[in-house]
There are 2 protein chains.
Amino acid sequence: MMARLTAFLVASLATIAAAMAQPADPLPSWDDGATKSAITDFVARVTRDGGPDFVRPAERIAVFDNDGTLWCEQPVYFQAAFGLDQVKALAPQHPEWKQKQPFKGFLANDKPALAAQGEKGLLTLLSVAHSGMTTDAYAKSVGDWLAQAKHPRFNRPYNELVYQPMIELLAYLRANGFKTFIVSGGGVEFMRVWAEKAYGIPPEQVVGSSGVTRFEIGADGKPVLMKLPKVEFIDDGPGKPSGINRFIGRRPILAFGNSDGDHQMLQWTAAGPGARFLGIVHHTDAVRKYAYDRQSKIGKLDKAWDEAVQRGWTVVDMAKDWKTVFAFERSSTGASQ
Amino acid sequence: MMARLTAFLVASLATIAAAMAQPADPLPSWDDGATKSAITDFVARVTRDGGPDFVRPAERIAVFDNDGTLWCEQPVYFQAAFGLDQVKALAPQHPEWKQKQPFKGFLANDKPALAAQGEKGLLTLLSVAHSGMTTDAYAKSVGDWLAQAKHPRFNRPYNELVYQPMIELLAYLRANGFKTFIVSGGGVEFMRVWAEKAYGIPPEQVVGSSGVTRFEIGADGKPVLMKLPKVEFIDDGPGKPSGINRFIGRRPILAFGNSDGDHQMLQWTAAGPGARFLGIVHHTDAVRKYAYDRQSKIGKLDKAWDEAVQRGWTVVDMAKDWKTVFAFERSSTGASQ
């Protein structure tokens, strides 16, 4: 009993200290303008118990696209960079790839051909390239790649190219009772390897595209899941509401994307009853990052932008609204190029 | 500040009260024998910080089959009972069903034909019957059905036929930092309507079979998800490890099933490193429920049982290990018939 009372008194002091401390700004990398206010106002409304817009915690579902929304997607989707390296590494075992598209383009490091693949072509290619691997071996190959590969412009591991303001936003939402999910066109097994460390989002809250797997008992009597050369589900564009329905089973109250691939996810989220927050990251910052929208092959933002303007969704102007893009900018060894 | 201090003092009194109370038995419906000890010993081992079998909370994934493990599955899967009622209700719009199997069997209330369908046949049939409905309309039809349909033997709403010992086990695991999931051959959209209330398991922790849905903008300009007549994924047998991989992305440390449809899920869970708990509910209780195993068309338990005996998995003898099966047994208006 004494030990419990002591623990209780220690906890009490911590509580008093927390109550007396002024809360620090939870979004320090965001400029103190209208965009930041739109976010904090929304969170205040849905968390005010007894208020007209209150949403119980179980229903506070927030969904985020990944490529271009939570991390960089230029000059090619990072999963494409991984795929390129993988196809090169596996090519000696597949001489037929040299003559056959899309492998031929990958092996020739043909960037326009790569970019033209889009997520679907990329996933089809990768599902073929990785067929015959177990899910465990695949996860290891992603981890090994991240440990040594570097982004061509920033010369950093790819998983450091996550957007600091979005990391803060995810943590801020979770501190306010939200459950944060990734809903991405990227491969679910690719993202899960690093998403928990990068974003604080556990594997079971990552929704993405997937390939078919088959349960087998291996030669050693141990069960394995083998990756088959077949795409199972493309979680992009109109597939995103289907993915949300299948994996989450509740309509989100907050959605954040950056491209037309997120348009239907934003529409689906917007159409629910009660308070909603719809956000779009607009890539306006050519100096610190890349600037692109309507004409881009990767992360094209066109129709979703038009609807955002029409309906008053929140469009984040990266150059203006984000004080910091990447955490490493704060150190002296910022972006090199 | 005063309001905060008042709230703090109230919280403090609640903490003191909680600390002084002796913890009640978290599994009162379980007999105090070896089965219950196997469960509580496992939980004690994996939650003992610093112990050799400690598992951090994020990795405490527990998966449960639904039909026959968390609720009754006799005389037919409850989703089949729902399907039968739905097909009957929709039949006037489909005169062709009278001549066509499997609809013909459903409409004739042909129980052997129904039982012979299995989960796959049932899901195929239901995906056809429900095609052209929106996901919202479908969820409403499940809720409406549960509100009026009664089990033929117990004369109770189907969602009252949940196993009280398993409800206690789910709550006990969650109180010990586990995240509880359903991994069922049943339709994911069917289960999510009632699983949160019945089991405390939120929609995003329900893994199941699913049909294809298509995003459409309705005539009123509102987006909907339409159910298509196509099965997308069968989360049964060897599909269960694939479903776990796709939806959860971590290997469970505890799995509970009752039939050969859970065999691969148990094998997959057992094959991970560290402490594991594998449980099988054996339907031995003909008096309070139904007794069946190797010869049953529904919930056949044969190969998984053999492996359980061979490997020392925990086989729950319902007649002996469960003091109560259904919560309503405790009231005076228990099972009729």
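On a predicted model such as this, the values are computed, not experimentally measured, just so you know.

(A) Local environment of the pairing of strand β6 (residues 277-284) of chain B. Residues and elements named next belong to chain B. Of all the eight residues making up β6, seven are buried; the element is thus mostly covered by neighbouring parts of the structure. In the classification by handedness, the crossover that spans strand β5 (residues 254-257), the intervening helix α10 (residues 263-270) and the parallel β6 is right-handed. Where β6 lies against strand β7 (residues 291-292), two bridges are found, and the strand directions are antiparallel. Paired with Thr 284 across the bridge in β7 is Ala 291. The turn linking β6 back onto β7 is made up of six residues.

(B) Local environment of the relation of the copies chain A and chain B. Taken as rigid bodies, chain A and chain B are interconverted by a rotation of 180 degrees and an axial shift of 0.0 Å, the fit giving an RMSD of 0.0 Å. Taken together, the turn and the small shift mark the pair as related by a two-fold rotation axis. Residue by residue, 100% of the interface of chain A is reproduced at the interface of chain B, so both copies engage with the same surface.

(C) Representation of the confidence of the model for chain A in the model. Residue and element names in this part refer to chain A. Taken residue by residue, chain A gives an average pLDDT of 89. The fraction at 70 or more is 88%. Segment residues 332-337 is flagged for pLDDT under 50; beyond a separation of four residues in sequence, or across chains, it makes nine contacts in the model. Our summary of model confidence lists the complex with pTM equal to 0.89 and ipTM equal to 0.88.

(D) The layout of surface pockets, seen in detail. A volume near 610 Å³ is recorded for the largest pocket. Gly 249, Arg 250 and Arg 251 of chain A together with Asp 136 and Ala 139 of chain B are the residues nearest the centre of the largest pocket, which is lined by 24 residues in total. Going through the elements one at a time, α6 (135-148) and α8 (188-199) of chain B are the ones with two or more residues in the lining of the largest pocket. Taken together, the residues that form the lining of the largest pocket break down as nine nonpolar, five polar and ten charged. Volume-wise, the second largest pocket comes out at about 440 Å³. Taken together, 17 residues make up the lining of the second largest pocket; nearest its centre are Asp 136 of chain A together with Asn 245, Gly 249, Arg 250 and Arg 251 of chain B. At the level of elements, α6 (135-148) and α8 (188-199) of chain A together with α9 (239-248) of chain B are the ones that each hand at least two residues to the lining of the second largest pocket. Along the lines of polarity and charge, the residues of the lining of the second largest pocket split into six nonpolar, three polar and eight charged.

(E) A look at the packing of helix α9 (residues 239-247) of chain A against helix α10 (residues 263-270) of chain A. All names here are of chain A. Two numbers describe how α9 lies on α10: the axes approach to 7 Å, and their chain directions differ by 55 degrees. Judged by the inter-axis angle, α9 sits oblique to α10. From α9, Lys 240, Pro 241 and Ile 244 reach across to α10, where they touch Gln 264, Met 265 and Trp 268. For the contact of α9 with α10, a count of residues per class yields four nonpolar, one polar and one charged.

(F) Structural detail: unusual backbone geometry. Residues and elements named next belong to chain A. Here the bond from Gln 74 into Pro 75 is cis, since omega is 0 degrees, no more than 30 degrees from zero. Within the secondary structure, Pro 75 is located in the loop between β1 (61-64) and α3 (78-90). A positive phi angle, near 55 degrees, is found at Asn 155, a position not held by glycine. Note on placement: Asn 155 falls in the loop between α6 and α7 (164-175).

(G) Broad picture of the pattern of salt bridges. Per the counting criterion, the structure on display carries 44 salt bridges over all chains. One salt bridge connects Arg 294 of chain A with Asp 302 of chain A, and the closest N-O pair in it is separated by 2.7 Å. Taking the relative accessible area as the measure of exposure, Arg 294 of chain A reaches 27% and is therefore partly exposed. Note that Lys 227 of chain B is salt-bridged to Glu 189 of chain B, the shortest N-O span being 2.8 Å. Separated by 38 residues along the polypeptide, Lys 227 of chain B in strand β4 (residues 223-233) and Glu 189 of chain B in helix α8 bring together distant segments of the chain. Among the residues examined, Glu 189 of chain B registers a relative accessible area of 14% and is labelled buried. Residues joined by salt bridges that share partners form a network here, namely Arg 56, Glu 59, Lys 179 and Arg 250 of chain A together with Glu 196 and Glu 204 of chain B.

(H) Inspection of the pairing of β4 of chain B at higher detail. Residues and elements named next belong to chain B. For strand β3 (residues 206-217) and β4, the ladder comprises seven bridges, and the chain directions are antiparallel. Bridged to Thr 213 within β4 is Lys 227. Following β3, the chain reverses through five residues before pairing antiparallel with β4; Gly 221 in that reversal takes a positive phi of roughly 85 degrees.

Parameters at a glance
- All residue numbers refer to positions counted from 1 along the written sequence of the respective chain.
- Numbering of ligands from 1 and lettering of chains from A proceed in the order in which they are written.
- Residues qualify for local features only when their pLDDT is at least 70, as the model is predicted, and side-chain atom pairs are given and counted only at 80 or more; totals for whole chains, interfaces and linings, by contrast, use all residues.
- Side-chain descriptors were evaluated using all non-hydrogen atoms of the structure, hydrogens and water having been removed beforehand.
- Here's how the labels work: a residue is buried when its accessible area is under 20% of the maximum for its type, exposed when over 50%, partly exposed in between, all with a 1.4 Å probe on protein chains only.
- The helix and strand labels rest on DSSP assignments: H or I over at least four residues marks a helix, E over at least two residues marks a strand, and numbering proceeds from the N terminus.
- Clockwise travel from the first strand over the helix to the second, with the strands pointing away from the viewer, marks a crossover as right-handed.
- A pair of strands is treated as paired once DSSP finds two or more bridges between them.
- We place the copies in one frame by least squares, fitting the C-alpha atoms of every residue whose pLDDT is at least 70 in both.
- In what follows, residue pairs with any heavy atoms lying within 4.5 Å of each other are defined as contacts.
- pLDDT gives the predictor's per-residue confidence on a scale running from 0 to 100.
- Any residue with an atom within 4 Å of a point lines the site, the site being either a cavity, points on a 1 Å grid over the protein atoms alone where a 1.4 Å probe fits but cannot get out, or a pocket, an open set with protein on both sides within 12 Å along at least 5 of 7 lines.
- Grid points are joined across faces, edges and corners, and a volume is the space filled by probe spheres set on the points.
- All amino acids are sorted into three groups, where Ala, Val, Leu, Ile, Met, Phe, Trp, Tyr, Cys and Pro are nonpolar, Asp, Glu, Lys and Arg are charged, and the leftover types, Gly among them, are polar.
- In this analysis, axes come from line fits to C-alpha atoms, helices being fitted only over the stretch in contact, and the angle between any two N-to-C directions falls in the range 0 to 180 degrees.
- When an angle is under 35 degrees it counts as roughly parallel; over 145 it counts as roughly antiparallel; between 65 and 115 it counts as roughly perpendicular; any other value is oblique.
- Definition used for salt bridges: Asp or Glu carboxyl oxygen within 4 Å of a side-chain nitrogen of Lys or Arg.

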